[in-house]
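Letter by letter, the chains look like this.
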Amino acid sequence: MSQSIFLPNYTIGADAYEKVNDIVKPYGTNAVIIGGKTALEKAEDKIKAALTSAVQVTDTLWYGGNSTYENVDQLLATPSVQAADVLFAVGGGRVCDTVKVVGEKAGKPVFTFPTIGSNCSPVTAVCVIYKENGEMQGLFFPSQPPTHAFIDSEIIAQAPDKYLWAGIGDALSKEIESTFSARGDQLDYTDGLGIQIGKMCTERLLQYGTQALKDSAANQPSYAIEQVVLDIIVTTGLVSVLVINDYNSALA
């Protein structure tokens, strides 16, 4: 049986948004921004300032406050979303998950703009869906991850420290949960690759985590923050994309 794997793509740095035009343009010229309220306050103007006539934002929408199918349906019914070439997801994990579902159902490329460093949703092909009352409803699996993630380290450095702390906890669990869950199994290539990548998480967090938290407390983008955020978003995201869901045991 054939197997196709789509791996995450990303740009990171305080100037990450300057790459948006060149990377997005091949997929379309009309973009709709969908985000959380705080995230839009922090990132919308910076995204628009980086754009040229090559890519234009036609609308900015609130995602609805939670990753629910009700919010997905509301966005799918919005004329500007229907007319858009591409979708920009701006915010945290629930924003990214919501827009990933919208993109899958509408057949539109999704580009993510994480504003906190707490999770790997900006690069994964899985979405956590909640009920309207806040209970978890289940998982939705898009056919592939977002097309590209633009990780602005300056915006993430200015976010509340608790989000980076949470992301470090999530990424620290990855090596343990994947190796433990896969113990004794005969692994195929893709699962084996994902588990080996999971082993990369811990060392980098131990090396740069303390400094990254200090820099976050000072709202100062730094090399340490970039290394930790790459671990939280990209390394754990690669594990999630590569291994079967049984090996992503959500230990954190």
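What this report covers is the structure whose coordinates are included nearby.

Cut-off values and rules
Residues numbered from 1 in each chain as written. Predicted model: local features only at pLDDT ≥ 70, side-chain atom pairs only at ≥ 80, totals over all residues. Heavy atoms only, no water. Disulfide = S-S within 2.5 Å. Buried < 20%, exposed > 50% of the residue type's maximum accessible area, 1.4 Å probe, protein only. Core = buried A, V, L, I, M, F, W, Y, C linked by side-chain atoms within 4.5 Å. Helix = DSSP H or I, 4+ residues; strand = E, 2+ residues; numbered from the N terminus. Contact = heavy atoms within 4.5 Å. Expected span 1.5 Å × (residues − 1). Bend = angle between axes of the 7 residues up to and from the residue. Pairing = 2+ DSSP bridges. Axes fitted to C-alpha atoms, helices over the stretch in contact; angles between N-to-C directions. Polar contact = N/O pair within 3.5 Å; in protein donor to acceptor, adjacent residues only side chain to side chain. Parallel < 35°, antiparallel > 145°, perpendicular 65-115°, else oblique. Left-handed = near helix turned anticlockwise from the far one by under 90°. Nonpolar A, V, L, I, M, F, W, Y, C, P; charged D, E, K, R; others polar.

Per the stated rule, a full pass over the model turns up zero disulfides. A disulfide-free cysteine, cysteine 127 has its sulfur positioned 9.3 Å from the sulfur of cysteine 96, the nearest such atom. Free cysteine cysteine 201: the closest other cysteine sulfur is in cysteine 120, separated by 9.2 Å. Assessed through its relative accessible area of 0%, cysteine 201 is described here as buried.

So, about the nonpolar core. Counting 21 residues, the largest nonpolar core has Tyr17, Val20, Val24, Ile47, Phe88, Val90 and Phe113 as its most contacted members. Mapped onto this core, the elements with two or more residues apiece are helix 1 (20-24), strand 2 (30-35), helix 2 (37-50), strand 4 (86-91) and strand 5 (110-114). At five residues, the largest contribution of residues to this core is made by helix 2. If we skip the residues at most four places from it in the chain, valine 90 touches Ile33, Ile34, Gly35, Gly36, Ala39, Leu40, Ala43, Ile47, Val95, Phe113 and Thr115.

If you check helix 7 (residues 161-181), its first and last C-alpha atoms are 30 Å apart, about what 21 residues at 1.5 Å a residue would give, namely 30 Å. Along helix 7, the sharpest change in direction is near 30° and occurs at lysine 174. Within helix 7, burial applies to Leu164, Gly167, Ile168, Ala171, Ser173, Lys174, Glu177, Ser178 and Ser181. Buried positions along helix 7 lie against helix 8 (189-198), helix 9 (200-217) and helix 10 (223-242).

Pairing within the open sheet is parallel, and its six strands lie in the order 1-8-5-4-2-3. In this open sheet, the two edge strands, each paired with only one partner strand, are strand 1 (10-12) and strand 3 (56-62). Taken over all neighbouring pairs, the strand axes of this sheet differ in orientation by 20° on average, direction set aside. Of the pairings in the sheet, the one linking strand 1 to strand 8 (residues 148-151) comprises three bridges and is parallel in character. Each residue of the ladder has a partner; that of threonine 11, found in strand 8, is phenylalanine 150. Along the sheet, helix 5 (residues 93-106) makes contact with strand 2, strand 4 and strand 5, crossing strand 4 at roughly 165°. Lying on the sheet, helix 10 is in contact with strand 1, strand 5 and strand 8; it crosses strand 1 at an angle near 160°.

So, about the environment of cysteine 201. Within the secondary structure, cysteine 201 is located in helix 9. The sequence separation of cysteine 201 and serine 178 amounts to 23 residues, and the corresponding C-alpha distance is 11 Å. In contact with cysteine 201, other than residues within four places in its own chain, are Ala171, Lys174, Asp231, Thr235 and Thr236.

Let's shift gears to unusual backbone geometry. For residues other than glycine, phi is negative in most cases, and the peptide bonds are mostly trans. Even without a glycine there, the phi angle at asparagine 219 is positive, about 55°. Mapped onto the elements, asparagine 219 comes out in the loop between helix 9 and helix 10.

To continue, consider the environment of glutamine 227. Following the sequence through the fold, glutamine 227 ends up in helix 10. The contact partners of glutamine 227, leaving out residues within four places of it in the chain, are Arg204 and Tyr208. Separated by 2.7 Å, the side chains of glutamine 227 and arginine 204 make a polar contact.

Two elements in contact, helix 3 (residues 69-76) and helix 5, have axes separated by 9 Å at closest approach and are oriented at 50°. Taken as axis vectors, helix 3 and helix 5 run oblique relative to one another. The hand of the helix 3/helix 5 crossing is right-handed. Counting all contacts with helix 3, which are made through Tyr69, Val72, Leu75 and Leu76, the residues of helix 5 involved are Thr98, Val101, Val102, Lys105 and Ala106. Taken together, the residues that form the contact of helix 3 with helix 5 break down as seven nonpolar, one polar and one charged.

The buried fraction of strand 2 amounts to five of the six residues, a majority that puts the element mostly inside the structure. Sheet analysis places strand 2 next to strand 3, joined by six bridges and oriented parallel. Counterpart to asparagine 30 in the pairing with strand 3 is glutamine 56.

What follows deals with the pairing of strand 5. Burial analysis of strand 5 places five of its five residues in the buried class, the great majority of the element. Judged by which residues are buried, strand 5 turns out to be covered on both faces: Val110, Thr112 and Pro114 on one side and Phe111 and Phe113 on the other are all buried. In terms of strand pairing, strand 4 meets strand 5 through five bridges, oriented parallel. Bridge pairing links alanine 89 to threonine 112 in strand 5. Alignment of strand 5 against strand 8, held across two bridges, turns out to be parallel. In the sheet register, phenylalanine 111 faces strand 8, and the bridge partner there is histidine 148.

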